[in-house]
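Observations on the three-dimensional arrangement
Okay, here's what each chain looks like letter by letter:
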Amino acid sequence: MRILTGTTRAHHVRRTTLAAAVLAAALSTTACGITEVSKDPSATATTSATTAPTASAAPSTTGPAAGGTGSPAPSASGTTGAPTSAPSAAAPATVTVTAARKPAGRGAAVATCTGANTRVVVNRPARPINHLLLTATNKGSASCDLHGAPYLRFDQDQAATAIDDSTRRQSVIRLAPGQAAYASVVLMGERTGDEANGRTASRLGVHFATADGTGSVGPSVRLKLPSGTYLTDDARVMHWAESLDDALAY
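Numbering of residues starts from 1 in every chain and runs along the sequence as written. Totals for whole chains, interfaces and linings use every residue, but because this is a predicted model, local features are given only for residues with pLDDT of at least 70 and side-chain atom pairs only at 80 or more, for both listing and counting. Side-chain calculation: all heavy atoms of the structure are included, whereas hydrogens and water are not.

Describing the nonpolar core
As used here, the term nonpolar core means buried Ala, Val, Leu, Ile, Met, Phe, Trp, Tyr and Cys residues forming a set that is joined through side-chain atoms within 4.5 Å. Per-residue accessibility, obtained with a 1.4 Å probe over protein chains only, is compared with the maximum for each type, and a residue is labelled buried under 20%, exposed over 50%, and partly exposed between these values. Counting 33 residues, the largest nonpolar core has Leu134, Leu146, Phe154, Val185 and Trp240 as the members making the most contacts within it. To qualify as a helix, a DSSP run of H or I must reach at least 4 residues; to qualify as a strand, a run of E must reach at least 2; elements of each kind are numbered from the N terminus. Among the elements of the structure, strand 2 (118-123), strand 3 (131-138), strand 4 (144-146), strand 5 (151-154), strand 7 (173-175), strand 8 (180-186), strand 9 (199-209) and strand 10 (216-231) are those that each provide at least two residues to this core. Tallying contributions element by element places strand 8 first for this core, with five residues.

What about the sheet that holds strand 4?
As summarised here, the arrangement of the three strands in space is 1-4-7, forming an open sheet in which the pairing is mixed. For this open sheet the edge positions go to strand 1 (111-112) and strand 7, each flanked by a neighbour on one side alone. Only when DSSP finds a minimum of two bridges between them are two strands counted as paired. The pairing of strand 1 with strand 4 spans two bridges and is parallel. Opposite Ala111, over in strand 4, you have Cys144 as the bridge partner.

Re the pairing of strand 10
Here strand 9 pairs with strand 10 via nine bridges, running antiparallel. Each bridged residue has a counterpart across the sheet, and for Thr200 the counterpart in strand 10 is Tyr230. Between strand 9 and strand 10, which pair antiparallel in sequence order, lie six residues; one of them, Gly213, sits at a positive phi of approximately 70 degrees.

Brief notes about the environment of Asn130
Mapped onto the secondary structure, Asn130 falls in the loop between strand 2 and strand 3. Between the C-alpha atoms of Asn130 and Thr229, which are 99 residues apart in sequence, the distance is 8.6 Å.

Description of the environment of Ala196
Tracing the sequence through the fold places Ala196 in the loop between strand 8 and strand 9. Residues Ala196 and Thr232 lie 36 residues apart in sequence; the distance between their C-alpha atoms is 5.4 Å. Other than its neighbours up to four places away in sequence, Ala196 contacts Arg191, Thr232, Asp233 and Asp234. We call two residues in contact when some of their heavy atoms are within 4.5 Å.

Re the side chain of Thr161
Turning to its location among the elements, Thr161 is positioned in the loop between strand 5 and strand 6 (162-163). Residue Thr161 is classed as buried on the basis of its relative accessible area of 12%. Not counting the four nearest positions on each side in its chain, Thr161 is found in contact with Leu152, Phe154, Ala235, Arg236 and Val237.

Pasting the structure below:
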């Protein structure tokens, strides 16, 4: 049996401790080596390459991949890259047909108001004094146009009564069936009867103006005047008006 002295025992403990330290260092080195391999960038890259497609492997939007055998991808214009003999995939064109316009035609001509289609009456209004009021009413079944002012002749006068052009309208009066227009007649002016050939009249002829105002047209109307109608050469008549109030205000 070997007896260890104190010195020998100390050396033995030292060697044992040193051996344990060497073994621990070796194990640490081995462990570090394993850790470093798992963290190696090249290993990570290799793993990624096997699990995810690269950019070159993505489908092409402009055509088939190089060397591929699959169907060609559609181009941006909507074609498929198929042979020219294949039918086009584009939507059919829309054809818009516009009907030819007919030239605008004129409407049916409107007749002029005359004694044939218009009834005229005369009365003496209470106000204003020294006035006559003419009322022309369309008695036909169609509209008629009443132009300008009435041409008036009292009894056997050779000249027509003066027309006050300050009352001229800018448009023609179109009378629908049953519609009326009005005109006032001033019987006297500022001169007295002795100065302006004052006289009493019993009949009144009403003539209808043409569209251009150069004369009369159609049959006229002959009316009986209210009893005692007195007038002078200063008498005048206004243009036809649509409003009765406008006529009475003259």
